[in-house]
Amino acid sequence: MTKRSIYTTAVHAGERGPAPDFTPVTTPIYNSVGYIYPEMQELDDVFAGSKAGYNYARFGNPTNHALEVALAALEGGEEAVAFGSGMAALHAACLAAGVKAGASVVAAQDLYGATYALLARFFGGMGVRSRFLDLTDLEGVERALAELRPVALVLEVISNPLLKLADVPRLVKLAHAYGAKVIVDSTFTTPYLYRPLEDGVDYVVHSTTKYLAGHGDALGGAVISSAADARPVREALKQVGGNLGPNEAYLALRGLKTFPLRMRQHCANAALAAEWLTAHPAVAHVNFPGLAAHPQHGLARRLFGDRGYGGMISFELRGGDQAAVFRFFEALQLCLPVTSLGDVYTLVLYPAHSSHRSMTPAERAIAQVGPGLVRMSVGIEDPQDIIADLDQALARV
Ligand SMILES: *Cc1c(COP(=O)(O)O)cnc(C)c1O
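Residues numbered from 1 in each chain as written. Predicted model: local features only at pLDDT ≥ 70, side-chain atom pairs only at ≥ 80, totals over all residues. Heavy atoms only, no water.

**Describing the packing of helix α4 (residues 86-96) against helix α9 (residues 227-240)**
Convention followed: The angle between two axes is taken between their N-to-C directions and runs from 0 to 180 degrees, where each axis is a line fitted to C-alpha atoms and a helix contributes only its stretch in contact. Counting from the N terminus, the helices are the DSSP runs of H or I reaching at least four residues and the strands are the DSSP runs of E reaching at least two. Angle categories: roughly parallel below 35 degrees, roughly antiparallel above 145, roughly perpendicular from 65 to 115, and oblique for all the rest. The sense of a crossing depends on the near helix, which, turned anticlockwise from the far helix by less than a right angle, makes the crossing left-handed and, turned clockwise, makes it right-handed. Residues are treated as being in contact if the distance between any of their heavy atoms lies within 4.5 Å. Note that Gly is not counted as nonpolar here; it falls among the polar residues with everything else outside the nonpolar set of Ala, Val, Leu, Ile, Met, Phe, Trp, Tyr, Cys and Pro and the charged set of Asp, Glu, Lys and Arg.
Closest axis-to-axis distance for the α4/α9 pair is 8 Å, and the angle between their directions is 125°. Between α4 and α9, the angle is such that the two are oblique. For the pair α4 and α9, the sense of crossing is right-handed. Two secondary-structure elements touch here, α4 through H91, A92, L95 and A96 and α9 through P232, V233, A236 and V240. Grouping the amino acids of the contact of α4 with α9 by side-chain chemistry returns seven nonpolar, one polar and no charged.

**Section: the sheet that holds strand β12 (residues 373-377)**
Heads up, the rule is: Each pair of strands is called paired provided DSSP finds at least two bridges between the two strands.
One open sheet holds the five strands; their spatial order is β8-β9-β12-β11-β10, and the pairing between them is mixed. Strand pairing shows two members of the sheet lacking a second neighbour, β8 (283-287) and β10 (336-337), which therefore form its edges. Helix α12 (residues 322-331) contacts β9 (312-317), β10, β11 (347-349) and β12 of the sheet and is inclined by roughly 125° relative to β9.

**What to know about empty space enclosed by the protein**
Inclusion rule: A cavity here means a set of 1 Å grid points, computed over protein atoms only, where a 1.4 Å probe fits but cannot escape. A pocket is an open set with protein on both sides within 12 Å along at least 5 of 7 lines, and lining residues have an atom within 4 Å of a point. Grid points are joined across faces, edges and corners, and a volume is the space filled by probe spheres set on the points. Here the bounds of each domain stem from an automatic or database domain assignment.
Inspection of the entire model under this criterion finds two cavities of 30 Å³ or more. By volume, the largest cavity is sized at about 120 Å³. Around the largest cavity, the lining comprises 13 residues; the ones closest to its centre are A108, D110, L135, S159 and K164. The space that makes up the second largest cavity amounts to roughly 30 Å³. I158, L163, F188, Y211, Y309, G310, G311 and M312 together form the lining of the second largest cavity. Classifying every residue of the lining of the second largest cavity gives six nonpolar, two polar and no charged. A domain split of the lining of the second largest cavity shows at least three residues from each of domain 1 (40-256) and domain 2 (259-394).

**Focus on the layout of surface pockets**
When its volume is computed, the largest pocket comes out at roughly 820 Å³. Class assignment for the residues of the lining of the largest pocket results in 14 nonpolar, six polar and three charged. Approximately 690 Å³ is the volume attributed to the second largest pocket. Lining the second largest pocket are 33 residues, and of these G53, Y54, F59, G60 and N61 sit closest to its centre.

**Focus on the nonpolar core**
Our working definition: We define a nonpolar core as any set of buried Ala, Val, Leu, Ile, Met, Phe, Trp, Tyr and Cys residues linked to one another through side-chain atoms lying within 4.5 Å. Note on classification: 1.4 Å probe, protein chains only; a residue is buried when its accessible area is under 20% of the maximum for its type, exposed when over 50%, partly exposed between these limits.
Grouped together as the largest cluster of nonpolar side chains are 114 residues, with contacts concentrated most on L155, I183, F304, I313, F315 and F328. A total of eleven residues in this core trace back to one element, the largest contributor, which is helix α10 (residues 246-278). Domain assignment of the residues forming this core places at least three in each of domain 1 (40-256) and domain 2 (259-394).

**Focus: the pattern of salt bridges**
This is how it is decided: A pairing counts as a salt bridge when a side-chain nitrogen of Lys or Arg comes within 4 Å of a carboxyl oxygen of Asp or Glu.
Applying the stated criterion across every chain, the model contains seven salt bridges. The salt bridge partner of D229 is K181, with a shortest N-O separation of 2.9 Å. Taken together, the residues D229 in helix α9 and K181 in strand β5 (residues 181-185) connect sequence positions 48 residues apart. For K181, a relative accessible area of 26% puts it in the partly exposed group. Salt bridges here are not isolated pairs; linked through shared partners, they connect E68, E79 and R234.

**Observations concerning the environment of V240**
Its location among the elements puts V240 in helix α9. On the accessibility criterion, V240 (54% relative accessible area) is exposed. A C-alpha to C-alpha distance of 8.7 Å links V240 and A92, two positions 148 residues apart in sequence.

**Some thoughts on helix α14 (residues 383-394)**
The condition that has to hold: Take the residue count of a helix, subtract one, and multiply by 1.5 Å to get its expected span. Working note: the arc is built from the helix axis to C-beta atom directions. Contacts described as polar in this section are N or O atom pairs within 3.5 Å, which, within protein, must combine one atom able to donate a hydrogen with one able to accept it, while residues neighboring in sequence count only if both atoms come from side chains.
Taking 1.5 Å per residue as the helical rise, α14 with its twelve residues ought to reach 16 Å, and the 16 Å between its terminal C-alpha atoms agrees with that figure. Buried within α14 we find P383, I386, I387, D389, L390, A393 and L394. Buried residues in α14, looked at end-on, bunch into an arc of 160°, giving them a common side. Of the surrounding secondary structure, the elements contacted by the buried residues of α14 are α10, β8, β9, α12 and β12. The N-terminus of α14 is capped by D382, whose side-chain oxygen sits 2.9 Å from the backbone nitrogen of Q384.

**A closer look at the site of the ligand**
Applied cut-off: Throughout this document, a residue counts as near a molecule or strand when at least one of its heavy atoms sits within 4 Å of that molecule or strand. To be clear on the numbers: accessible area is Shrake-Rupley with a 1.4 Å probe, and residue cover counts the displayed protein chains and nothing else.
Close to the ligand lie 13 residues; G86, D185, S207, T209 and K210 are nearest. In this structure, G86 approaches the ligand through a main-chain N or O atom, which is 2.9 Å from an oxygen atom. Calculation on the ligand without its partners gives an accessible area of 380 Å², and the protein chains cover 93% of this total. Here the shell around the ligand is composed, by residue class, of five nonpolar, six polar and two charged.

**Thoughts on the pairing of strand β1 (residues 79-83)**
A regular strand carries its side chains on alternate faces of the sheet. Most of β1 sits out of view: four of its five residues are buried. When β1 meets strand β7 (residues 221-225), the two strands line up antiparallel, connected through five bridges. The residue bridging V81 from the neighbouring strand is V223, located in β7.

So, in structure tokens, the structure goes:
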């Protein structure tokens, strides 16, 4: 072997050993950007697409591929495409559905804040017209579909922070009758509760940052669809480049292994906490689809069966204002005031100063996001410890 300098040795030593004749139980993290093949013809075939393989990280990565296979299997879709965040996934799903200058979109009026901004401001600034509607008014939706002939209907199964439900099967029938693709952000429900593709939805989008990865340590997103619908999503990824890093892909893949177990606990804990909060004198109102008093409890049962109602709750402190909510948050010892959701930890958030901050108090009143509204992402701790923490903190409001 030629004797090489320290500079060359530092670059090449140890790398590209013989192909393993063993199979690791979990998919390793492939941080490699490039790939080599013993014969140049093989690389040429990979470029041509006639041979499966990898050539450059933006076009594909084995760790990301393992995550995509797992997500497609969980959603019952033919293909998943992983992205660097939920927003990158939503952006690509919109492009794939045909969102472009001159096109229209019909969307839920209480979408996740960044999704609203993506449609109203980002795409809006490029000449896309979006109309935001109360999707429980199916006649209003049909009128808008007939008038605008949108390329896409964009919605969430459970809305934030009021936890209203969308009647996805009926909305899909309406949208398809007018030629619109349906994009469903399923981040709050996850395939544990509901699989939108089975009801005819075209694109399911996830922020895997939340329940699917589940540990609050990895941003990520994905679009799941049929193989034909995935083609323009994959093109958007290759050309715009919102790729998920392989380290995050590994964390998401690892999170997926326990996600049904965690969801079971999230759902059970949220149901207990919602019941408990309903009976508390300091709480004026609780929003949780599992409560019989929730106006869409029947729809929730129809969509989710007996699997549960998710881990998200929101509630209004009686006569509460920002000062009361801040006292409550500061008194909490177990629950964490963190701007995220779906983690193993119980998290609380104040919508009036975070997700709905840019609205005026009057706009917030119309959106029913009052000054005493608290959103809670119930974690997987022992529910009695969560309730004890809420109890001692509510006593100090
Ligand atoms: C968090 C979230 C997003 C955005 O996902 P990121 O991973 O933060 O980009 C979109 N939709 C919903 C419902 C979310 O909760």
